[in-house]
Amino acid sequence: MDLGIKGKRAVVCASSRGLGRGCAEALAEAAVDLVLNARGAAALQAAAAEIREAHGVAVTAVAADITSEAGRAAVLEAAGGAADILITNAGGPPPGSWTDWGREDFLKAIDGNMLTPIALMQALVPGMMERGWGRVVNITSKAVKAPIGVLGLSNTARTGLTGFVAGTARQVAHRGVTINNLLPGVHDTARSDALDAGQAEREGLSLAEVRAKREAALPVGRYGTAAEFGAACAFLCSTHAGFIVGQNILIDGGEIATTL
Ligand SMILES: NC(=O)c1ccc[n+]([C@@H]2O[C@H](COP(=O)([O-])OP(=O)(O)OC[C@H]3O[C@@H](n4cnc5c(N)ncnc54)[C@H](OP(=O)(O)O)[C@@H]3O)[C@@H](O)[C@H]2O)c1
């Protein structure tokens, strides 16, 4: 399918690997020029070079912490203050226990996984509205639909973002701008490796045992891939998805069992 977005410009945050990288690859395949971002410069430059080589699109790489004001400013400057497509993403908060988190832990999580995407939308969506077309996809989590006990910081911050999007998406859609959230379930990335390692330690199991247990709990019987996730993201960014507004789309292999 031709996604109809050839030549558009996208900012894809936190994208040197994992789900952000999957989104960047799928957009590049649709001939979208990219501003990529991650903190680690070497991995980011390598990702940028691989994507340029594979898809022949323009790729600008900005090594910066997207959760900092300076990092966001650097990314926005590299984009020339404008983009047609914005994919928000950042590392997730650490696991732990609800009894242990203090004010600073909550502020950090809210800053990274709620206020950062909101600030990026506030910076880029007005220009999209002026030009009459835009797409925003926020990478959130299945935790928004079904809380994950050890990820209470994530549950909290991402639910706040979801509330912001629910209201805002309806205020910008009349100008051709859609905002939606993608809710990943378990995907095969460094993040899931880290969470598996934590579970292995807590439960006294090997990594392979934890993985087998988690895979068995998924109706598809396996972890998702960044490529599958990226393809869904690119569709939401396509010209075909202009009637999909303010949605929270689970990509979880059927894990969260709800009728609706
Ligand atoms: N994978 C899953 O199963 C899953 C499930 C539900 C939700 N999620 C959420 O989806 C998001 C992406 O997860 P993932 O699995 O793709 O993680 P990942 O494989 O660890 O990749 C994270 C990417 O983001 C970059 N990054 C992290 N923090 C950053 C920051 N502050 N500023 C800029 N770049 C940053 C990393 O590069 P640097 O480290 O070099 O910055 C890397 O490129 C996370 O918020 C995660 O919690 C993932």
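Described in the following lines is the structure provided in the data block. (Residues numbered from 1 in each chain as written. Predicted model: local features only at pLDDT ≥ 70, side-chain atom pairs only at ≥ 80, totals over all residues. Heavy atoms only, no water.)

1. Here we look at the site of the ligand
If you check the shell around the ligand, you find 30 residues, and the closest are Ser16, Leu19, Arg39, Ala90 and Thr189. Within the contact set of the ligand, an oxygen atom lies 3.1 Å away from a side-chain nitrogen or oxygen of Arg191. Among the secondary structure elements, those contributing two or more residues to the shell around the ligand are helix H1 (18-29), strand S2 (33-38) and helix H6 (190-203). Among the elements that take part in the shell around the ligand, H6 stands out by supplying three residues, more than any other. Here the residues of the shell around the ligand sort into ten nonpolar, 15 polar and five charged. (Near = heavy atom within 4 Å. Polar contact = N/O pair within 3.5 Å; in protein donor to acceptor, adjacent residues only side chain to side chain. Helix = DSSP H or I, 4+ residues; strand = E, 2+ residues; numbered from the N terminus. Nonpolar A, V, L, I, M, F, W, Y, C, P; charged D, E, K, R; others polar.)

2. Digging into the sheet that holds S2
On the basis of which strands lie adjacent, the open sheet formed by seven strands has the order S3-S2-S1-S4-S5-S6-S7 and parallel pairing. Of all the strands in the sheet, just strand S3 (59-63) and strand S7 (248-251) have a single pairing partner and so form its edges. Between one strand axis and the next, the sheet turns by 15° as a mean value, whatever way the strands run. (Pairing = 2+ DSSP bridges. Axes fitted to C-alpha atoms, helices over the stretch in contact; angles between N-to-C directions.)

3. Considerations on empty space enclosed by the protein
For the coordinates displayed, the defined rule picks out one cavity of 30 Å³ or more. As for the largest cavity, its lining consists of Thr88, Asn89, Ala90, Gly112, Asn113, Thr116, Pro117, Leu120, Ile139, Thr140, Arg158 and Leu161. Elements supplying a minimum of two residues to the lining of the largest cavity: helix H4 (103-131) and helix H5 (152-172). Broken down by element, the residue count for the lining of the largest cavity peaks at five residues, all from H4. Along the lines of polarity and charge, the residues of the lining of the largest cavity split into five nonpolar, six polar and one charged. (1 Å grid on protein atoms, 1.4 Å probe; cavity = no way out; pocket = protein on both sides within 12 Å on 5 of 7 lines; lining within 4 Å. Points joined across faces, edges and corners; volume = space filled by probe spheres on them.)

4. Structural notes on the environment of Gly242
Of note, Gly242 is situated in the loop between helix H8 (226-236) and S7. Between the C-alpha atoms of Gly242 and Glu255, which are 13 residues apart in sequence, the distance is 27 Å. Excluding residues within four positions of it along the chain, Gly242 makes contact with Arg135 and Thr178. (Contact = heavy atoms within 4.5 Å.)

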